[in-house]
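Coordinates in review
Below are the chains, spelled out letter by letter.
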Amino acid sequence: MGSEFPRSPRVLKGGIVAYRLPDLFPTVIVFQYNPDEVSRSFQAGASGGGRGDANRVNGPPQETLTFSVEIDAADQLERPSENAITVENGLHPVIAALERLIYPSYPVVIANEALAFAGSAFILSEQAPLALLIWGPRRVLPVQIQSLSIKEEAFDQKLNPIRAKADLSLKVQTYRDLDVTNPGYWVYLASFTQKEVMSALNLLGDRTGLEAITPI
């Protein structure tokens, strides 16, 4: 799509891609507006107990990301002929896609209810989908949604939400959380490798700040 400002840089959109394995067709949620802030917190892995083990850690730190995304149907509602789904449903589809990130698979739930009704002791495992946070080419992380809070701020005549804000808290899943057969395991290791590369580039960058604190 053309731009009124052809020299302005192209801004990538962040988002979440969720897979319900073994289904290879993902649910893709593209952030309409990139969050203004992303808070990242780290909790170091438990250390060893004995003398001499002060710097010993038990695996990678636990990383949590929190941010808010805003969703607004105003632009789509201005062109109703091109956005029939939004006109009919408002933001229900995208809100439902966000909510499904923390729900188990519907077919599995129905199957388990049928098994329980039949008196079966065998119950299928109910799991949330594998979610990948896409935040630029250098930050792709397997995550588990810890909490999701949605505030619906405006509605149309049918009471469909047309403006909303979602607050998300995501726990990064590491190689200790995921099995080696899980694709998220390799996504995390790729991210780990990327961190090593960026750390090495820091040593090759502007050293002015380091020189300022280096003792003579």
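Structure: see above.
Calculation notes
Residues numbered from 1 in each chain as written. Predicted model: local features only at pLDDT ≥ 70, side-chain atom pairs only at ≥ 80, totals over all residues. Heavy atoms only, no water. Helix = DSSP H or I, 4+ residues; strand = E, 2+ residues; numbered from the N terminus. Buried < 20%, exposed > 50% of the residue type's maximum accessible area, 1.4 Å probe, protein only. Contact = heavy atoms within 4.5 Å. Phe/Tyr/Trp six-rings, centres within 6.5 Å; stacked < 30°, edge-to-face > 60°. Pairing = 2+ DSSP bridges. Salt bridge = Lys/Arg side-chain N within 4 Å of Asp/Glu carboxyl O. Axes fitted to C-alpha atoms, helices over the stretch in contact; angles between N-to-C directions. Core = buried A, V, L, I, M, F, W, Y, C linked by side-chain atoms within 4.5 Å.

Counting secondary structure elements, the protein contains six helices and seven strands. Reading the helices (α) and strands (β) of the protein from amino to carboxyl end gives β-β-β-β-α-α-α-α-β-β-β-α-α. Scored against the burial criterion, the 216 residues of the protein give a buried share of 27%. Taking as baseline every contact in the protein between residues at least 6 positions apart, the subset at least 24 positions apart corresponds to 59%.

Looking now at the packing of aromatic side chains. Applying the stated criterion across every chain yields a total of five aromatic pairs. For the pair Tyr-185 and Trp-186, a centre-to-centre distance of 4.9 Å together with 75° between the ring planes defines the contact as edge-to-face. The structure contains a cluster of three or more aromatic residues connected by ring pairs, namely Phe-31, Phe-67 and Trp-135.

Here strand E3 (residues 39-43) pairs with strand E4 (residues 62-72) via five bridges, running antiparallel. Residue pairing in the sheet places Ser-41 in a bridge with Thr-64 of E4. When E4 meets strand E7 (residues 161-172), the two strands line up antiparallel, connected through nine bridges. Each residue of the ladder has a partner; that of Ser-68, found in E7, is Asp-167.

Turning next to the pattern of salt bridges. Scanning all chains against the criterion turns up five salt bridges. As a salt-bridge pair, Glu-63 and Arg-40 come within 2.8 Å of each other at their nearest N and O atoms. Placement of Glu-63 in strand E4 and of Arg-40 in strand E3 is noted, with a sequence separation of 23 residues between them. Look at Arg-40 and you get partly exposed, because its relative accessible area is 33%.

Taken together, the seven strands give an open sheet; going across it, the order is E2-E1-E5-E6-E7-E4-E3, and neighbouring strands pair in antiparallel fashion. Two strands lie at the open edges of the sheet, namely strand E2 (27-30) and E3, each paired on one side alone. For this sheet, the mean inter-axis angle between neighbouring strands, taken without regard to orientation, is 25°. In this fold helix H5 (residues 183-204) packs onto E3, strand E5 (130-134), strand E6 (140-155) and E7, with an angle of close to 100° to the strand it touches most, E6.

Turning next to the nonpolar core. Ile-16, Phe-67, Leu-101, Leu-133, Val-143, Leu-168 and Leu-170 are the most contacted members of the largest nonpolar core, which totals 27 residues. Among the elements that make up this core, the one with the highest residue count is E7 (six residues). Setting aside chain neighbours within four positions, we find Leu-133 in contact with Gly-15, Ile-16, Phe-31, Leu-65, Phe-67, Arg-139, Val-140, Leu-141, Val-143 and Leu-170.

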